[in-house]
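Structure assessment
So the chains spell out like this:
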Amino acid sequence: MCGIVACFSREDCYGKLLAALRRLEYRGYDSAGIALLSAAGLSVRKRAGGVGNLAGPPLPGETGIGHTRWATHGAPTDVNAHPHVCGKFAVVHNGIVENFAQLKAELIAKGETFRSETDSEVIAHLVARAYEGDFFAAVAAACGQLRGSYAVAVLCTDRPGEIVCARSGSPLVAGCAGGALYVCSDVPALGEDACFCAAQDGEFIRIEGGVIRFCGRDGREIPKTFTRASGGGCAEASAAGSFMEREIGEIPAALSRTLEGLRDFDFAPCARAMRGAKNIFAVACGSALHAALAFKDAAEEEAGAPVLCFSASEFRSRAPLAGRGDLVVAVSQSGETADTLGAVRLARSRGAYVLAVTNVAHSSLAGEADLAVFMRAGPEVAVAATKSYNCQLLCLYYIAAQLCYYRKDRFPSYFGELFRLPEAARAAFSAFSAAEEIARAFRDAPAMYFIGRGKEARTAAEGALKVKEIAYLFAEGLPAGELKHGPLALVEEGFPVVALSTSRALLAKMAGALAEVKARGARVALLSQYEEALADPAVDFPVRLPALCERLMPVLSVIPLQHLACRLCLLRGFDPDRPRNLAKSVTVE
Ligand code: G6P
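Calculation criteria
- Residues numbered from 1 in each chain as written.
- Predicted model: local features only at pLDDT ≥ 70, side-chain atom pairs only at ≥ 80, totals over all residues.
- Heavy atoms only, no water.
- Helix = DSSP H or I, 4+ residues; strand = E, 2+ residues; numbered from the N terminus.
- Rg over C-alpha atoms; globule rule 2.2 N^0.38 Å.
- Buried < 20%, exposed > 50% of the residue type's maximum accessible area, 1.4 Å probe, protein only.
- Contact = heavy atoms within 4.5 Å.
- Areas by Shrake-Rupley, 256 points an atom, 1.4 Å probe, with all protein chains shown as cover.
- Lys, Arg positive; Asp, Glu negative; His and termini not counted.
- Charge placed at Lys NZ, Arg CZ, Asp CG, Glu CD.
- Core = buried A, V, L, I, M, F, W, Y, C linked by side-chain atoms within 4.5 Å.
- Pairing = 2+ DSSP bridges.
- Axes fitted to C-alpha atoms, helices over the stretch in contact; angles between N-to-C directions.
- Salt bridge = Lys/Arg side-chain N within 4 Å of Asp/Glu carboxyl O.

Here we look at the overall build of the protein
- Along the backbone of the protein there are 18 helices and 24 strands.
- Its C-alpha atoms give the protein a radius of gyration of 25 Å, near enough to 25 Å, the size a compact globule of 589 residues would have.
- Among the 589 residues that make up the protein, the fraction classed as buried is 61%.
- Once local pairs closer than 6 in sequence are excluded, the contacts in the protein between residues at least 24 apart make up 70%.
- Accessible surface, the protein as shown: approximately 21300 Å² in total, 50% of it carbon and sulfur.
- Separation of charge centres in the protein, based on 63 positive and 64 negative side chains, amounts to 2 Å.

Here's what the structure looks like:
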């Protein structure tokens, strides 16, 4: 949520900041701003709307900061956009200053005047008031007064060529790319051929004299090693399509990379927890929660290991459940989701062993877990998760297989089939034309249901989430058996129902549910690998899936649903990459 970037470049600093901000737009895009520092002082350009709205003549200077916003405090207006300026200082901030109301009241009492409604503006005032000629000391003193989470970058008109940044709870990396030095929210902002190093909580990063240095609050330098960013940064969205379409297209390749990583992964460090955990928990948010539920299904059915699965926010809201001797599997594409991190910290503080599944090797989650499995899905830019969901499922089915191995001394029968997933995922693309037809038929519907039974109830929930997120169409995903306990009341002539039926043992039961909705006039789409299911007369739109062992079908069946959501979104005239009100990385609670 919100992306920040600081840049020092002797050439085209403004252009480089803009390019980095564009690559960070997945973190928020309701307003954006840039400040550059030159001999003439600060120049600021900030506007409501996307980074594109910052176009204009380049601002002068070799040192600058930028911000792309996902509003929390204050509407997305020009005034509320960052950077916030106070006296000699300009500040960009990602996070939430929880004690901002109190700080703001104190500052106003001391005579400060605020321009915006943001929590972030207090930081600029605190730095300005703490300044007695030492730029770094002023930022460190201001940060010492903040509660909540922050990644900040600050400019000072007395110190051209210098930037001071700090991290506590929100991600921050330093990097070099294309002859420029950067500090920013995430590695993809650096572009191609970058080297980077992530800051830990409580650390500061200084750009000064053309070098980057990490240090503690006392100013003492912390030695660091920079690593080359693997696979470069994120490509720009091509004219040929949105990030989301391309990320769906990348699923087979992403699954291959995930498999390569898993093949070499050493699970021995968590063998004890796998073998002997008293309780096993799974925690996650959003799509990752649906993947965690799929893990529960596999672990329970294949390894005989009961799993308590929680939305990470709910896990935190309850009396702490996990403790010593328990295993907590935490799933997060970004590895920065505030509630998932909060749940992990709570579980670890109570002695549980945390196994993380994440796509970002240098993420906070990877750093805080006892062991982390990397998905290797590659950067995912579109806000709605697609390829990362498929890769999460693959990792989690792999982990469930390990659990089975440690508990039953054998791998489950599906284990070998995991290696066929990339090829089967490619075969699932043949269902796209059917998904296209469904999108055209359902584009003006007021609402729709996704139904599944057993493991496909998770896929139904994920399909509905995708449609809500990007097509702004009310959708509910539910176990088919729940229809008659309420949801059936809404089914009338023309109501769209998308059903998933990939378990032979449940075909007859799903056929019963379809007959019920059809009798009320529903238009029915059905996804299955079984011809007899597709031939059901209740089915208006049959979607043929490739055959694979049933346990792994959720990795495939979700692919046409991702495509369906994307097509619905485009047909309804929306941008699949930037759904309103949402952000990719939810670093606030
Ligand atoms: C946001 C994104 C979702 C994602 C969820 C969890 O809501 O829009 O696509 O599933 O966060 O993100 P994580 O990075 O923890 O997987």
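Considerations on the nonpolar core
- Counting 129 residues, the largest nonpolar core has Phe295, Met448 and Phe450 as its most contacted members.
- Broken down by element, the residue count for this core peaks at 14 residues, all from helix 12 (residues 387-408).
- Apart from residues no more than four positions distant in its own chain, methionine 448 is found in contact with Phe442, Val467, Leu473, Phe474, Ala475, Glu476, Phe495, Pro496, Val498, Leu564 and Leu568.
- If you look at the next biggest cluster of nonpolar residues, it comprises 30 residues, including Leu107, Ala124, Leu146 and Ala166.

Observations regarding the side chain of serine 242
- Note on placement: serine 242 falls in the loop between strand 14 (227-228) and helix 5 (243-249).
- When near neighbours in sequence (up to four residues on either side) are disregarded, serine 242 contacts Cys566, Pro576 and Asp577.

Looking at the sheet that holds strand 14
- Spatially, eight strands are ordered 3-2-4-1-10-9-11-14 in an open sheet, and the strand pairing comes out antiparallel. Taken across any chain shown, the strands that pair with only one partner, and hence form the sheet edges, are strand 3 (41-48) and strand 14.
- Where helix 1 (residues 13-24) meets the sheet, it contacts strand 1 (3-8), strand 2 (31-38), strand 3, strand 4 (63-69) and strand 10 (180-184), and its direction lies at approximately 155° from that of strand 1.

Some thoughts on the pattern of salt bridges
- Applying the stated criterion to the full structure yields 31 salt bridges.
- A salt bridge links lysine 466 to glutamate 462, with the nearest nitrogen and oxygen atoms 2.7 Å apart. With lysine 466 and glutamate 462 both in helix 15 (residues 456-471) and four residues apart, this pair spans about one turn of that helix.
- A relative accessible area of 1% places lysine 466 in the buried class.
- Owing to a relative accessible area of 0%, glutamate 462 belongs among the buried residues under this scheme.
- The closest approach of N and O atoms between glutamate 516 and lysine 484, which form a salt bridge, is 3.5 Å. Of this pair, glutamate 516 sits in helix 16 (residues 507-519) while lysine 484 sits in the loop between strand 21 (474-479) and strand 22 (496-500), and the two are 32 residues apart along the sequence.
- Because the salt bridges share partners, they merge into one network encompassing Arg206, Glu208, Arg213 and Glu221.

Honestly, that's just the spatial picture; any functional story needs more than this.
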